[in-house]
Amino acid sequence: MKFVHLADVHLDMPFTSLKNNKELTKKRRLEQKFIFKKAIDVVKEEKAEVLFIAGDLFEHKFVEDDTILYIISCLKNIGETRVYITPGNHDPLIKSSPYNTFEWPDNVFIFGSEVGMDTFENVNIYGVGFDDFEMESDAVKNIEIESGKINILVTHANLDGATHKYHDIKSKDLEKFNYTALGHIHMTAAKEVSKNSKIVYPGSLIAGGFDEPGEHGLIVGEITETELKTKFVKLDDTKFETKEIDISSLLSPNEVLDKLELKDNTIYKIILTGIRNIDVEVLKEIISISGKNICEVEDKTRMDYDLENIAKQKNLKGIFTRKMIEELKYNPDSEDDIMKAIEYVYKNM
């Protein structure tokens, strides 16, 4: 049996990392839909009999009706493929969920918090989904599989953790399945969190922020009673990157832009550090309108003060500076905050 396994699409998510750039947020939401359509195209190209969507397909609190209709339309286009959805903590199967209020295609199976099972040919598909934004359940542990068949579990869960909020399950309770299609962990490396290749997180379909490095896409697999083959298929070309640059030796905004070496397929948060020889407010504006995907520019630069000489002055500025030097000596980890305080006081003395 050929299958495609994806999770954590989060359609219509707010993209909090991009809150300072509304145009970039709008663009990223459109890219979400485009990449979900690419995932459906993979299902077609691979002639997959089954598609597993292991939770957080959309953001319940933000999703628009048009987005749900778009999802439904995409799934209708693979009518020959059986689609199994286990709602997650961001798209739980609550009363007002679009899973309940919209009509879904006949090829789509949506699992609730009680163990569900669908059987076809020699395959048993078990599913457990969230019925609220938090969930504790021992349902998976108590599943009794049927020998002589391919037994697959689909669920959104926290593996080998102890959060007690996001459906904690143990690896040892999954050994009985021929394959476990998980969702919830967004990192690409998560697809290999278990040495047992039968227990798989595909990671999120697209990168959602700066805390999700690496590649993003889905799993394509082929399974029999005795053999499992899987491969990761990258679908998202966009990366999030935090870039720190020391501007101490740079004298113009163009020099800063050249040193940044920004790429078109990357969304950046820029952190400026070092000694300030340029008007930083002007520099921040120029970087922001450089035509690249800049969502934030953070200023951690400082003026170049000769604190030792200023401390020798016999006035309030000297007294204040001596105290600040003592503070720096005892709290070196707070240097940035202390230097900002010094600069603020100097400007207002």
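Coordinates for the structure precede this section.
What comes next concerns the included structure. (Residues numbered from 1 in each chain as written. Predicted model: local features only at pLDDT ≥ 70, side-chain atom pairs only at ≥ 80, totals over all residues. Heavy atoms only, no water.)

### Quick look at the side chain of His5
Its place among the elements puts His5 in strand 1 (residues 2–6). A polar atom in the side chain of His5 sits 2.8 Å from the side chain of Tyr179. In this structure the side chain of His5 is engaged in a polar contact, spanning 2.9 Å, whose partner is the backbone oxygen of Leu182. The residues touching His5, leaving out its near neighbours within four places in the chain, are Phe52, Ala54, Tyr179, Ala181, Leu182, Val200, Pro202, Leu218 and Ile219. (Helix = DSSP H or I, 4+ residues; strand = E, 2+ residues; numbered from the N terminus. Polar contact = N/O pair within 3.5 Å; in protein donor to acceptor, adjacent residues only side chain to side chain. Contact = heavy atoms within 4.5 Å.)

### What about helix 2 (residues 65–76)?
Taking 1.5 Å per residue as the helical rise, helix 2 with its twelve residues ought to reach 16 Å, and the 17 Å between its terminal C-alpha atoms agrees with that figure. For helix 2, the full list of buried residues reads Thr67, Ile68, Ile71, Ile72, Cys74 and Leu75. End-on, the buried residues of helix 2 take up no more than an arc of 160°, which puts them together on one face. Residues of helix 2 that are exposed and point more than 90 degrees away from the buried face comprise Asp65, Asp66 and Lys76. Where helix 2 is buried, its residues meet helix 1 (22–46), strand 2 (50–53), strand 3 (82–85), helix 3 (98–101) and strand 4 (108–110). (Expected span 1.5 Å × (residues − 1). Buried < 20%, exposed > 50% of the residue type's maximum accessible area, 1.4 Å probe, protein only. Arc of directions from axis to C-beta.)

### Observations regarding the pattern of salt bridges
Taken as a whole, this structure holds ten salt bridges when the rule is applied. The shortest N-O distance in the salt bridge between Glu46 and Lys2 comes to 2.8 Å. Here the residue Glu46 occupies a position in helix 1, and Lys2 occupies one in strand 1, the gap between them amounting to 44 residues. Linked through salt bridges whose partners overlap, the residues forming this network are Lys2, Glu46 and Lys231. (Salt bridge = Lys/Arg side-chain N within 4 Å of Asp/Glu carboxyl O.)

### Side note on the side chain of Asn107
As for its placement among the helices and strands, Asn107 is situated in the loop between helix 3 and strand 4. Residues within four places of Asn107 in sequence aside, it is in contact with Leu75, Ile78, Gly79, Thr81, Arg82 and Val83.

### Side note on the nonpolar core
Membership of the largest hydrophobic core comes to 41 residues, with the highest contact counts inside it found for Leu51, Leu57, Leu75, Leu205 and Leu218. Mapped by element, the contributors of at least two residues to this core are strand 1, helix 1, strand 2, helix 2, strand 3 and strand 12 (217–223). If one sorts the elements of this core by residue count, helix 1 sits on top with seven residues. What Leu218 contacts, discounting residues up to four positions off in sequence, is Val4, His5, Leu6, Ala39, Val42, Pro202, Leu205, Lys231, Phe232, Val233 and Leu235. (Core = buried A, V, L, I, M, F, W, Y, C linked by side-chain atoms within 4.5 Å.)

### Points about the sheet that holds strand 15 (residues 266–275)
The pairing of strands in a sheet happens through backbone hydrogen bonds and is either parallel or antiparallel. Taken in spatial order, the three strands of this open sheet run 14-15-16, and their pairing is parallel. Every interior strand has two partners, whereas the edge strands, strand 14 (239–246) and strand 16 (293–302), have only one. Shown here is a sheet whose adjacent strand axes are inclined to one another by a mean of 15°, direction ignored. Where strand 14 and strand 15 come together, eight bridges link them in parallel fashion. Paired with Glu244 across the bridge in strand 15 is Ile271. The strands touched by helix 1 are strand 14, strand 15 and strand 16; relative to strand 16, the strand with the most contacts, the crossing angle is about 140°. (Pairing = 2+ DSSP bridges. Axes fitted to C-alpha atoms, helices over the stretch in contact; angles between N-to-C directions.)

### Quick notes on the packing of aromatic side chains
On inspection of all chains with the given rule, the structure shows ten aromatic pairs. Note on Tyr84 and Phe111: the rings are 6.0 Å apart at their centroids and 15° apart in plane angle, and the pair reads as stacked. Of this pair, Tyr84 sits in strand 3 while Phe111 is found in the loop between strand 4 and strand 5 (116–120), placing the two residues 27 residues apart along the sequence. Look at Tyr84 and you get buried, because its relative accessible area is 0%. Owing to a relative accessible area of 6%, Phe111 belongs among the buried residues under this scheme. Geometrically, the ring pair formed by Tyr99 and Trp104 is tilted, given 5.4 Å between the ring centres and 40° between the ring planes. No difference in accessibility class separates Tyr99 from Trp104, as the two residues are buried. (Phe/Tyr/Trp six-rings, centres within 6.5 Å; stacked < 30°, edge-to-face > 60°.)

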